[in-house]
Amino acid sequence: VQIFWPSCDSRLFYPMYPDPGLRDELGIDESEIVLTYNGNVHQANRAEVRSLYLSVLFLNRMGHPARLIRLGSVIDCMDGARDIVPPHVIELGTRANRQIPAFLALATVLVQPGSPGSFNDYRFPSKIPEFLAMGKPVVLPRSNIGQQLVHGENCLLLEAGHAGEIVDRVLALKNDGALAKHIAVR
């Protein structure tokens, strides 16, 4: 067995202040919860990313203004929700790696959607180290590198990965600033 621990370029990914000009440019209000996801959408993760989109819709419907900044290539994953989610999503397409940290810095919470299973257990989670390096609270599946992290200490873990569970984790962090700060610095 050979274990490859994921890493990231610490010259690019580190805790940084969000750029208020970029926030304004994207039309994001200071009161909004911001989730940033910089991954491609493809057939293998389509349902997982759909859960992330739906979680933003549910947060808004529950009275918690939220936006999702999406970077990366996209296939349609919204099915019947195609017409109701877009007002809460900012689709920016593929960006150069050096541009990604500025968008991650805008996030309130960084969420890797998904659940334990063969797809997530055995793939190389390239964006997770970038998320962890940004000094933001991170939510991710109890899978792969998530099995090495401690729920409530380094991150909040997803067991099932559905939109409702993502909402629960995001609201737990929103409602407990001390927990969010504790996780962000771990």
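Everything below is about the structure printed above this text.
Draft legend 1. Spatial organisation of the overall build of the protein chain. The number of helices and strands found in the protein chain is 7 helices and 6 strands. Helices (α) and strands (β) of the protein chain occur, in sequence order from the N terminus, as α-β-α-β-β-α-β-α-α-β-β-α-α. Whereas a compact globule of 186 residues would reach a radius of gyration of roughly 16 Å, the protein chain reaches 15 Å, a difference of no more than 12%. The dimensions of the protein chain, computed from C-alpha atoms along their principal axes, are 45 × 35 × 35 Å.

Draft legend 2. Broad picture of the sheet that holds strand β6 (residues 156-158). Strand order in this open sheet of 3 strands is β4-β5-β6, and the pairing throughout is parallel. Whereas interior strands pair on both sides, the edge strands pair on one side only; in this sheet they are β4 (110-111) and β6. Judged from the 2 bridges that link them, β4 and strand β5 (residues 138-141) form a sheet pairing that is parallel. Bridged to L110 within β5 is V138. Here helix α6 (residues 163-175) sits on the sheet and contacts β4, β5 and β6; the angle it forms with β6, its principal contact strand, is near 170°.

Draft legend 3. Inspection of the state of the cysteines at higher detail. If you walk through the whole model with that rule in mind, you get 0 disulfides. There is no disulfide at C8, and the cysteine sulfur nearest it, in C155, is 16 Å away. The buried category is assigned to C155, whose relative accessible area is 0%.

Draft legend 4. Representation of the nonpolar core. L26, I69, L92, F103, L104, L110 and L140 are the most contacted members of the largest nonpolar core, which totals 25 residues. Mapped onto this core, the elements with two or more residues apiece are β2 (66-71), β3 (89-93), α3 (100-105), α5 (127-133) and β5. Looking at this core element by element, the count peaks at 4 residues for α3. Beyond its immediate stretch of four places on either side in the chain, L110 contacts T36, L104, F131, M134, K136, P137, V138 and V139.

Draft legend 5. Region of the structure containing the sheet that holds β3. Spatially, β1-β2-β3 is the arrangement adopted by the 3 strands of the open sheet, whose pairing is parallel. Looking at which strands have only one partner, the edges of the open sheet turn out to be β1 (33-37) and β3. The mean inter-strand angle of the sheet, taken between neighbouring strand axes irrespective of direction, is 15°.

Scoring rules and cut-offs
Residues numbered from 1 in each chain as written. Predicted model: local features only at pLDDT ≥ 70, side-chain atom pairs only at ≥ 80, totals over all residues. Heavy atoms only, no water. Helix = DSSP H or I, 4+ residues; strand = E, 2+ residues; numbered from the N terminus. Rg over C-alpha atoms; globule rule 2.2 N^0.38 Å. Pairing = 2+ DSSP bridges. Contact = heavy atoms within 4.5 Å. Axes fitted to C-alpha atoms, helices over the stretch in contact; angles between N-to-C directions. Disulfide = S-S within 2.5 Å. Buried < 20%, exposed > 50% of the residue type's maximum accessible area, 1.4 Å probe, protein only. Core = buried A, V, L, I, M, F, W, Y, C linked by side-chain atoms within 4.5 Å.

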